[in-house]
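# Residue-level structure breakdown
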Amino acid sequence: TQDTRFQTLMPDPLHWLGITRIHKFISMSDMKYQAIVSSGIKIDERVEIPKDLIPKDAHVEITAKVAKGYHKGDEYKAMTEDLLGIIKGRDYKYEETCATVKKAMD
C-alpha cells in the first residue's frame, strides 16, 4: 500500500500558478500533504474522502492505506490494522472464472 509516486516536485505547478494557500485539501495522502506544506503552501483544512463515496470493493485499499498512515479524519478514526483481516474486497469468483476460461480454451 506504499505510495511509490515521487511527491517532492508535485507542488511546483501550484507555485507556478501562484497558489499560496489551500482552504480545503481533499486528499488523505500524508505524502502529498507534507510535500505541499513543506514547500510553503498553507493548508487550512484537511478533508478526508467520505466513506459513502468510496466503492465497496475499494474499502480493502483505503483500509490498508489508513492503517499505514493515510490521514484518518473523523470518518476513519476507528480504522486499525486489526480491521485489515475483516475488510473484504470484490469477490472475483476465482474458481468459477478459471473454469469458464478453461472451457472456452478447450
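The structure reproduced in this document is the subject of the present report. Here, residues in each chain are numbered from 1, in the same order as that chain's written sequence. Local features are withheld for residues below a pLDDT of 70 in this predicted model, meaning they are given only at 70 or higher, and side-chain atom pairs are given and counted only at 80 or more; totals for whole chains, interfaces and linings count all residues. Each side-chain value is derived from all of the structure's non-hydrogen atoms; neither hydrogens nor water enter the calculation.

### Some words on the packing of aromatic side chains
- Here a pair means two rings of Phe, Tyr or Trp (six-membered ring of Trp) with centres within 6.5 Å. Their orientation is stacked below 30 degrees between planes, edge-to-face above 60, and tilted elsewhere. Here the structure, examined in full by the defined rule, presents one aromatic pair.
- Consider the rings of Phe-25 and Tyr-33, whose centres lie 6.4 Å apart with planes at 50°: the pair is tilted. Taken as a pair, Phe-25 and Tyr-33 share a single burial class, namely buried.
- Cation over ring: Arg-46 sits above Tyr-33, and NZ or CZ is 4.1 Å from the ring centre. Relative accessibility under 20% of the residue-type maximum defines a buried residue, over 50% an exposed one, and the middle range a partly exposed one, all with a 1.4 Å probe and only protein chains included. Only lysine NZ and arginine CZ atoms are considered, and such an atom sits over a ring when it is within 6 Å of the ring centre and within 35 degrees of the ring normal.

### Description of the pairing of strand E1 (residues 21–26)
- Pairing of E1 with strand E2 (residues 42–47) involves five bridges; the strand directions are parallel. Note on E2: the bridge partner recorded for Ile-22 is Ile-43.
- Convention used here: a crossover is right-handed provided that the path from the first strand, over the helix, to the second strand proceeds clockwise when the strands point away from the viewer. We count a stretch as a helix when DSSP gives it H or I for four or more residues in a row; a strand needs E for two or more, and each element gets its number in order from the N terminus. On the question of chirality, the crossover connecting E1 to the parallel E2 by way of helix H2 (residues 30–38) is right-handed. Here, strands pair whenever DSSP counts at least two bridges between them.

### Re the pattern of salt bridges
- We define a salt bridge as a side-chain nitrogen of Lys or Arg found within 4 Å of a carboxyl oxygen belonging to Asp or Glu. Taken as a whole and assessed by the stated rule, the structure comprises four salt bridges.
- Of the charged contacts in the structure, one is a salt bridge between Lys-24 and Glu-45, with a shortest N-O distance of 3.5 Å. Here Lys-24 is found in strand E1, whereas its partner Glu-45 is found in strand E2, with 21 residues between them in sequence.
- Across the salt bridge formed by Asp-44 and Lys-42, the nearest N and O atoms sit 3.6 Å from each other.
- Because the salt bridges share partners, they merge into one network encompassing Arg-21, Lys-42 and Asp-44.

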